[in-house]
Amino acid sequence: LENVDLVIVGAGLFGLTVAQQAVEHAGARVLILESRDHIGGNAYSYIDKETGAEIHKYGAHLFHTSSPVVWEYVNRFTKFTNYVHRVYTTHRGEVFPLPINLGTINQFFHAHYTPQEAEALIREQAGELASSDPQNLNDKGISLIGRPLYEAFIKNYTGKQWQTDPAELPAGIINRLPVRFNYDNRYFKDTWEGLPEDGYTTWFERMIDDPRIDVRLNTDFFDTTQPLNRDAIVGKVPVVYTGPVDRYFDYSLGELKWRTVDFEEVRYDEADHLGCPVMNFADADVPYTRAIEFKNFNPERRAQQNANKTVVWREYSRTAERGDEPYYPVNTQTDKDLYARYADSAAQQPSVVFGGRLGTYKYYDMHQVIATALNAYEHDIASLLGANEERQ
Ligand code: FDA
């Protein structure tokens, strides 16, 4: 530890961004500890040998942002393809475009409504529960977009995501259900989107390509059988911790709840199985929520992909138990209160900065986690490294 100015727990986008900044601005020598056998956190991907597809190991990752600062930052390490994310959904044997737009509405009602006509129709259908105060997700959904569209496209999909009948789910899970009264089915509204030209992992390797950054894989910060553990480090060197905040405090106040996703891999002797990268399944009789065909994220790589084989991952969503990958914070009021108490404890650790989605119990997209890491470096971490500034 004598040659280390900063220890970062977790080689996800938060940890990698902080490492890159600490070297660039403070000339710091950084040690990254990562319990998995790879960097990149949940955005990690690898090339599937059989098909040539780039598989996003922890679920589909699409980069998008409207922040010029983040866009400029990420473009220092990778170029992006011109991929534009579009999602389709299967309902009662028919495929519809998402998010719900004029194309979805006209196909669903076998109509040719103009934007104004469609808007008036949805307003009228949503009026069914207009004067009520919806207490469950079903009523909330109906009050937002009307019963026909809610029951076709939202109800069973959400029920599968939560493994709970939406009539039993709190109304607060959804605040709005976007409906577009034109034919725009671009999934993201951001200024920039795309996929890293040479893959996610190459992007991440370039961020930390500096002799002052040392990465130790397969190293768990809490494993006292290895020398680089919490007890040996905290108090001696500043730490940026991006693991689960409740785990840091040995779950002493209780456990924060997460949802996880199980993936089922299916291989086909076909060039293309879905015809698109992401197909949702809106009905209850298909047990998975959606299917991802990774080859279709990178059509520009057709020459490197196997023309006769493809791989699809089906996603099943459920509540996470300890030991599962925590993916989406459940965020009930009880969780929010519990997190607030952990955040108080975290604030009392003078030399440890908690960051990232696990460290702050928040769902962040990649661009958001990069923005929070740049901000945390500037406001909290640079001062911990202050003593090293003159090394520059
Ligand atoms: P992340 O979880 O990536 O990294 C934390 C790292 O810390 C992990 O590598 C973990 O192993 C390590 N760690 C934890 N405890 C440790 C310990 N005790 N010792 C050592 N290491 C430890 N975003 C987006 O922009 N577009 C998208 O399409 C998607 N899609 C998407 C799908 C799914 C299913 C999920 C769950 C998430 C997304 N995201 C996304 C969000 C994206 O994954 C997220 O923004 C980043 O992964 C967050 O990076 P972090 O560094 O915060 O956490």
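Residues numbered from 1 in each chain as written. Predicted model: local features only at pLDDT ≥ 70, side-chain atom pairs only at ≥ 80, totals over all residues.

**Student:** I'm lost on the overall build of the chain in this one. Help?
**Tutor:** Across its full length, the chain carries 12 helices and 16 strands. The C-alpha radius of gyration of the chain comes to 23 Å, within 12% of the 21 Å expected for a compact globule of 392 residues. Projected onto the principal axes, the alpha-carbon positions of the chain cover approximately 70 × 55 × 35 Å. Across the 392 residues of the chain, 39% fall into the buried class. (Helix = DSSP H or I, 4+ residues; strand = E, 2+ residues; numbered from the N terminus. Rg over C-alpha atoms; globule rule 2.2 N^0.38 Å. Buried ≥ 20, exposed ≤ 12 C-beta atoms within 10 Å, placed from the backbone.)

**Student:** What is the right way to look at the UniProt feature "domain: UDP-galactopyranose mutase C-terminal" (unreviewed entry) in the chain in this model?
**Tutor:** Mapped onto the present numbering, the UniProt feature "domain: UDP-galactopyranose mutase C-terminal" (unreviewed entry) falls on residues 152-363. The span residues 152-363 shows a helical share of 22% and a strand share of 21%, and its end C-alpha atoms are spaced 27 Å apart. (UniProt positions renumbered as here; feature names shortened; annotations may be inferred.)

**Student:** Would you mind going over helix H1 (residues 13-26) with me for this structure?
**Tutor:** Given 3.6 residues per turn, any residue in an α-helix points the same way as the ones three and four places further on. Here H1 contains 14 residues, and its C-alpha end-to-end distance of 19 Å stays within 8% of the 20 Å for a straight helix at 1.5 Å per residue. With 12 of 14 residues buried, H1 lies mostly within the body of the structure. (Expected span 1.5 Å × (residues − 1).)

**Student:** What's the story with the domain arrangement of the chain in this structure? I'm lost.
**Tutor:** Each assigned domain of the chain is listed here: domain 1 (6-82 + 193-253 + 330-391) and domain 2 (101-173). If you average the C-alpha positions of domain 1 and of domain 2, the two centres end up 38 Å apart. (Domains from an automatic or database assignment.)

**Student:** Can you help me understand the pairing of strand E2 (residues 30-33) in this one?
**Tutor:** Successive residues of a regular strand alternate their side chains across the two faces of the sheet. Here E2 shows two buried faces, one formed by Val30 and Ile32 and the other by Leu31 and Leu33. Inspection of the sheet shows strand E1 (residues 6-9) paired to E2 by four bridges, in the parallel sense. Residue pairing across strands places Leu6 opposite Val30, the latter belonging to E2. A crossover connection joins E1 to the parallel E2 through H1; in handedness this β-α-β unit is right-handed. Across four bridges, E2 lies against strand E9 (residues 213-216) in parallel orientation. Bridge assignment links Val30 to a residue of E9, and that residue is Ile213. (Pairing = 2+ DSSP bridges. Right-handed = clockwise from strand over helix to strand, strands pointing away.)

**Student:** Got a minute to help me understand the site of the ligand in this structure?
**Tutor:** Residues in close proximity to the ligand total 35 residues, the closest being Gly10, Gly12, Gly41, Gly243 and Gly356. Counted by class, the shell around the ligand contains 18 nonpolar, 12 polar and five charged residues. (Near = placed C-beta within 6 Å. Nonpolar A, V, L, I, M, F, W, Y, C, P; charged D, E, K, R; others polar.)

**Student:** What is the right way to read the pairing of strand E11 (residues 258-268) from this model?
**Tutor:** Judged from the two bridges that link them, E11 and strand E15 (residues 328-329) form a sheet pairing that is antiparallel. Paired with Arg259 across the strands is Tyr328, a residue of E15. The sheet contact formed by E11 and strand E14 (residues 310-319) spans 10 bridges and is antiparallel. Bridging from a neighbouring strand, Arg259 pairs with Thr319 of E14.

**Student:** Help me understand unusual backbone geometry, please; the structure alone is not making it clear to me.
**Tutor:** Most of the time, phi is negative for any residue but glycine, and the peptide bond is trans. Cis geometry marks the peptide bond from Leu98 to Pro99; its omega dihedral reads -20°. Its location among the elements puts Pro99 in the loop between strand E7 (94-98) and helix H3 (102-108). Located in the positive-phi region is Asn218, a residue other than glycine, with phi close to 50°. Residue placement: Asn218 occurs in the loop between E9 and helix H8 (230-233). If you check the backbone angles, Asp250 has positive phi at about 55° while not being a glycine.

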